[in-house]
Amino acid sequence: MAESKELKVKEKQELAAKAEQTTPGPTFTPDVDIFETDKAITLLADVPGVKPKTLSIDLRDNILTIVGDVEPFEHPDEEDLLVEYETGRFYRQFTLSEVIDQNRIEAKLQDGVLRLTLPKVEKATPRKITVQSA
Amino acid sequence: MIYRRLTGFPGWFSRSPFVELERMRRQMDRLFEEWASPRPVSGVFPLVNLTETKESYFIRAELPGMTAADLDIQATGNSVSISGERKIPAENSNARYHRRERESGKFSRVIGLPGEINPDKVEARLEDGILTIVVPKAEASKPRQITVK
């Protein structure tokens, strides 16, 4: 990884297809990293401004849904001078191919980054089988 | 379909096709203007929102995954500079990545403020990945209530 790389501006991706929105306000797609090891799938998502109580993670029928609500930070008496980004709900869905052990899912939210560890069920873990000679 | 519209259009043949083309071009221009980003974006990371009250300016930026130690904030007469490096710690070496959208790197940005500030009393907070800098205005640039005698 190039350590001295300059960070470029990436505009927040607003969700285009508003499927079943019941709450007003914009919805954004969080940036994620997903990686897989033999034991688990780990998902890291940038959700700045989301607090543990406003985050909901749902896994059913292999569909993982992450929804995070951001409350506005501005006080009512503040006036906008420059608005470069908007805040709103974060929403993203994934279809998981591996069978996940639902009881051991771990979620951690720190500094606006969600870390979700989805352990695979035991039988999905590859096991080396040694052939014994008779 | 096209035929019907052409013949049914009053005055089509009397008008020059170029007039019609010009009209379409103007409509297209208007469409593109509406699509263009309505917000001024500086193109420098991080994107900030700037608000003000009578007492101070508030600068906010989204910096998920950063800690106070990664940030360097400096204030001068009428500007605040934010610089730092966003680090994404390396994970298990035998991990296979499916998606890699989060980015790491260095950044530096100077935000000019519309009025004089009090650089000694600038405060910064980093909470849930959101940086808030409270910049008090200098006495001279605060609005003053004037009573009419």
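Refer to the structure printed above.
The structure displayed is predicted, hence computed values, not measured ones.

Colleague: Provide a residue-level description of the overall build of chain A, including the pertinent values.
Modeller: When you go through chain A residue by residue, the secondary structure sums to zero helices and ten strands. The secondary structure elements of chain A, listed N-terminal to C-terminal, are β-β-β-β-β-β-β-β-β-β. Looking at chain A as a whole, 37% of its 134 residues are labelled buried. As displayed, chain A offers around 8600 Å² of accessible surface, 49% of which is attributable to carbon and sulfur atoms.

Colleague: Talk me through the packing of aromatic side chains; I want residue IDs and the actual numbers.
Modeller: Aromatic ring pairs are defined here through the distance separating the ring centres and the angle between the ring planes. Following the criterion strictly, the structure yields two aromatic pairs over all chains and no others. Look at F35 of chain A and Y97 of chain B: their rings are 5.1 Å apart centre to centre, the planes differ by 50°, and that puts the pair in the tilted class. Taken together, the positions of F35 of chain A in strand β3 (residues 32-36) and Y97 of chain B in strand β5 (residues 96-100) put the pair across two chains. Its end group placed over the ring of Y97 of chain B, R100 of chain B keeps NZ or CZ at 3.7 Å from the ring centre. The ring of Y57 of chain B is capped by K137 of chain B, whose NZ or CZ atom sits 4.8 Å from the centre of that ring.

Colleague: Break down unusual backbone geometry for me, with residues and values.
Modeller: The omega torsion across F45 of chain B and P46 of chain B is -5°, close enough to zero to call that bond cis. With respect to the helices and strands, P46 of chain B occurs in the loop between α2 (17-35) and β1 (48-52). With phi around 50°, D61 of chain A is a residue other than glycine that occupies positive phi space. Looking at the secondary structure, you find D61 of chain A in the loop between β5 (55-60) and β6 (63-68). A positive phi angle, close to 50°, is found at D128 of chain B, a residue other than glycine. Mapping D128 of chain B onto the fold places it in the loop between β7 (123-127) and β8 (130-136).

Colleague: Break down the nonpolar core for me, citing the residues and quoting the values.
Modeller: In terms of nonpolar packing, the biggest core is built from 20 residues, with L43, L64, I66, F94 and L118 of chain A touching the most fellow members. Every residue in contact with L64 of chain A, bar those within four places of it in the chain, is listed here: L43, I57, D58, L59, R92, Q93, F94, L96, L116 and L118 of chain A. Among the nonpolar cores identified, the runner-up in size contains 19 residues, and V48, L71, V80 and I111 of chain B belong to it.

Colleague: Describe in detail the interface of chain A and chain B, supporting the description with residues and values.
Modeller: Every contact between the two is made by 45 residues of chain A and, on the other side, 49 residues of chain B. On the chain A side of the interface with chain B, the three residues burying the most area are L7, E84 and Y85 of chain A, jointly 18% of the side's total. Its salt-bridge partner being R96 of chain B, residue E36 of chain A comes within 3.3 Å of it at the nearest N-O pair. The interface formed by chain A and chain B holds 24 residue pairs in polar contact (both at pLDDT 80 or more) in total. Broken down by secondary-structure element, the contributors of at least two residues to the side of chain A that touches chain B are β3, β4 (40-46), β7 (79-83), β8 (89-95) and β10 (113-119) of chain A. Here β3 of chain A pairs with β5 of chain B via four bridges, running antiparallel. Bridge pairing in β5 of chain B links I34 of chain A to R99 of chain B.

Colleague: Give me the lowdown on the sheet that holds β10 of chain A, citing residues and values where you can.
Modeller: With respect to topology, five strands assemble into an open sheet ordered β9(A)-β10(A)-β4(A)-β3(A)-β5(B), the strand pairing being antiparallel. Looking at which strands have only one partner, the edges of the open sheet turn out to be β9 (106-110) of chain A together with β5 of chain B. Strand after strand, the sheet turns through a mean of 10° between neighbouring axes, direction not considered. In the sheet, β9 of chain A pairs with β10 of chain A via five bridges, with the strands oriented antiparallel. Bridge assignment links Q110 of chain A to a residue of β10 of chain A, and that residue is V113 of chain A.

Colleague: Describe the pattern of salt bridges, with residues and values.
Modeller: Taken as a whole and assessed by the stated rule, the structure comprises 19 salt bridges over all chains. With its nearest N and O atoms 3.5 Å apart, the salt bridge here joins R102 of chain B to D33 of chain A. A residue pair is termed interchain when its members come from two chains, as with R102 of chain B in the loop between β5 and β6 (105-112) and D33 of chain A in strand β3. Since its relative accessible area comes to 9%, R102 of chain B is described here as buried. In this structure D33 of chain A comes out as buried when scored by relative accessible area, which is 1%. Close ionic contact of E91 of chain B with R115 of chain A constitutes a salt bridge, the shortest N to O distance being 3.1 Å. Highlighted residues: E91 of chain B in the loop between β4 (79-86) and β5 and R115 of chain A in strand β10, drawn from two different chains.

What counts and how
- Residues numbered from 1 in each chain as written.
- Chains lettered and ligands numbered in written order.
- Predicted model: local features only at pLDDT ≥ 70, side-chain atom pairs only at ≥ 80, totals over all residues.
- Heavy atoms only, no water.
- Helix = DSSP H or I, 4+ residues; strand = E, 2+ residues; numbered from the N terminus.
- Buried < 20%, exposed > 50% of the residue type's maximum accessible area, 1.4 Å probe, protein only.
- Areas by Shrake-Rupley, 256 points an atom, 1.4 Å probe, with all protein chains shown as cover.
- Phe/Tyr/Trp six-rings, centres within 6.5 Å; stacked < 30°, edge-to-face > 60°.
- Lys NZ or Arg CZ within 6 Å of the ring centre and 35° of its normal.
- Core = buried A, V, L, I, M, F, W, Y, C linked by side-chain atoms within 4.5 Å.
- Contact = heavy atoms within 4.5 Å.
- Buried area = accessible area lost by both parts, 1.4 Å probe.
- Salt bridge = Lys/Arg side-chain N within 4 Å of Asp/Glu carboxyl O.
- Polar contact = N/O pair within 3.5 Å; in protein donor to acceptor, adjacent residues only side chain to side chain.
- Pairing = 2+ DSSP bridges.
- Axes fitted to C-alpha atoms, helices over the stretch in contact; angles between N-to-C directions.

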